[in-house]
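Structure assessment
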Amino acid sequence: MFELTHRCNLRCAHCYLHCYDGGGELATPEWLRAIDELAALGGLWLSFTGGEIFLRSDVFDLIARARQKGFALKLLTNGLLLDDAYIARLADLWPSDVHISVYAACPEIHDGVTGMQGSWEQTVAAIRGLCGRGLHVTVKTPVMSCNFRQIEQLQRLADDLGAVLRLDTDIVPGNDGSVSPLVHRLNDEELVEVFRTPHLAYRALPEASDASGLDSDLCGAARRTLSISPVGEVQPCISNPVSAGNIREDSLADIWWRSPLMLRYRGLRVADLAGECVNCEHRAYCGRCSAMAALEDGDYLGPSRWACRVSVARRRAAAEPAERVAGDALSPERRNA
């Protein structure tokens, strides 16, 4: 994940970013070098995210270099700057996926989240234009208290546009330590209701969990993932704002292979979790994120209050289904969404 900028043309209510001035951002040659170094390391998947990536005047140069290097490139954007000319340029470069955030199937809720009247119409127009060019578009929707009853309408909207809907129930603390985004999380009853819907019912199913799993990798951080911040800080993953080094001072390869922090994270196993997590009765339903545990609860290896709430909700939804889940709920398309 390359965070090209923290600048944004929206001020979404739930956003975890609070750095908007753009000071000290990596220059074009620095990002081009990072792309080249990641390719030399054998990277396959690359995502450009922000802030709003299309606020950078060099973004098409970076996209072109990433495609030249053979990356499966994902672009995360709000779509507001994607006019016909930009869409045509993207069609020529052919990223593997364009993720665009849509918060509701109606302007009132979406614009209330973004704080910008008219943003829904512009975003939907961008999705329609991209899909019209044959590009793969994913509609990304964080499920919040204001929009959790919009899931069916959002699915119809995505279908109408020719896009794929992807839902996420995680709302994370601010990168400045602020907990203000968390007021938009679903409450316990809303979580259960959401996990009973055909769109998310598969997530309520228990996962394989046995003693042999204790030696499994804790997560993909520093193993399969890394992120680079707008100022060059290399992190084990985008959700964990701790620096393993800076590409302005060391090569990406040196940081990846030799950073003490990367090596420490890479060595962590499930057995290293606090005992109450390892032996928890809800473990089979838990999708615990260590970065979330650290940000919200102060302990990378300790319990995550949010993960605990979600695991209980998943178990309740699986045990007390309100209605029989539709047959396509577990289809590959739904799982990918």
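Higher on the page you've got the structure.
Only a predicted model underlies this, so the values are computations on that prediction, with no experimental measurement involved.

Rules and cut-offs
- Think of each chain on its own: its residues are numbered from 1, step by step along the sequence as written.
- With pLDDT at 70 or above as the cut-off, local features in this predicted model cover only qualifying residues; side-chain atom pairs require 80 or more to be listed or tallied, and sums for whole chains, interfaces and linings still use all residues.
- Just so you know, side-chain values use all the structure's heavy atoms and leave hydrogens and water out.
- Where helices and strands are cited, they refer to DSSP runs of H or I of at least four residues and of E of at least two residues respectively, numbered from the N terminus.
- Under the scheme applied here, a residue whose accessible area is under 20% of the maximum for its type counts as buried, over 50% as exposed, and between as partly exposed, the area being computed with a 1.4 Å probe on protein chains only.
- We count Lys and Arg on the positive side and Asp and Glu on the negative side, and we leave His and both chain ends out.
- A carboxyl oxygen of Asp or Glu within 4 Å of a side-chain nitrogen of Lys or Arg is what we treat as a salt bridge.
- A contact between two residues is defined here by any heavy atoms of the two lying within 4.5 Å.
- Definition used in this section: a nonpolar core is a set of buried Ala, Val, Leu, Ile, Met, Phe, Trp, Tyr and Cys residues joined via side-chain atoms within 4.5 Å.
- Any two of the Phe, Tyr and Trp rings considered here, Trp counted by its six-membered ring, make a pair once their centres fall within 6.5 Å; the pair's planes then place it as stacked at under 30 degrees, edge-to-face at over 60, or tilted in between.
- Only the stretch in contact is used when fitting a helix axis, every axis being a line fitted to C-alpha atoms; angles between N-to-C directions are given from 0 to 180 degrees.
- Angular relationships are summarised with four words: roughly parallel below 35 degrees, roughly antiparallel beyond 145, roughly perpendicular across 65 to 115, and oblique for the angles in between.
- The classification used treats Ala, Val, Leu, Ile, Met, Phe, Trp, Tyr, Cys and Pro as nonpolar, Asp, Glu, Lys and Arg as charged, and all other residues, Gly among them, as polar.

1. So, the side chain of arginine 266
Checked against the element boundaries, arginine 266 lands in helix 9 (residues 260-266). No salt bridge is formed by the buried arginine 266, whose closest oppositely charged neighbour, aspartate 217, lies at an N-O distance of 9.0 Å. If sequence neighbours within four positions are ignored, arginine 266 has contacts with Ala222, Arg223, Trp256 and Trp257.

2. Regarding the nonpolar core
In terms of nonpolar packing, the biggest core is built from 80 residues, with Phe2, Phe48 and Ile228 touching the most fellow members. A per-element tally of this core places helix 5 (residues 119-132) first, with six residues. Setting aside its immediate chain neighbours within four residues, phenylalanine 2 contacts Trp31, Ala34, Ile35, Leu38, Leu46, Ser47, Phe48, Thr49, Leu226 and Ile228. Ranked by size, the runner-up nonpolar core spans seven residues in total, among them Leu10, Leu80, Met144 and Ile171.

3. Things to note about the packing of aromatic side chains
Under the defined criterion, the tally for this structure stands at seven aromatic pairs. For the ring pair phenylalanine 2 and phenylalanine 48, a centre distance of 6.2 Å and an interplane angle of 25° mean the geometry is stacked. A residue pair is termed long-range when its members are at least 10 positions apart, and phenylalanine 2 in strand 1 (residues 2-3) and phenylalanine 48 in strand 2 (residues 45-49) qualify at 46 residues. On the accessibility criterion, phenylalanine 2 (0% relative accessible area) is buried.

4. Comments concerning the pattern of salt bridges
Counted under the stated rule, the structure contains 17 salt bridges. The salt bridge involving arginine 33 is made with glutamate 37; its shortest N-O contact spans 3.8 Å. Taken together, the positions of arginine 33 and glutamate 37, both in helix 1 (residues 28-40) and four residues apart, correspond to about one turn of that helix. When its relative accessible area of 35% is taken as the criterion, arginine 33 is described as partly exposed. A salt bridge links arginine 223 to aspartate 217; its shortest N-O distance comes to 3.4 Å. Residues participating in the shared-partner salt-bridge network are Arg7, Glu25, Arg56 and Asp58.

5. Regarding the side chain of threonine 138
Mapped onto the fold, threonine 138 is located in strand 5 (residues 137-142). Apart from the residues lying within four places of it in its own chain, the contact partners of threonine 138 are Asp97, Val98, His99, Ile100, Val164 and Arg166.

6. Here's the deal with the packing of helix 5 against helix 6 (residues 151-161)
The interhelical angle for the contact between helix 5 and helix 6, taken along N-to-C directions, is 45°, at an axis separation of 9 Å. Comparing their axes, helix 6 and helix 5 come out oblique. Only Leu157, Asp160 and Leu161 of helix 6 make contact with helix 5, whose side of the interface consists of Trp120, Val124, Ile127, Arg128 and Cys131. Of the residues contributing to the contact of helix 5 with helix 6, the split by class is six nonpolar, no polar and two charged.

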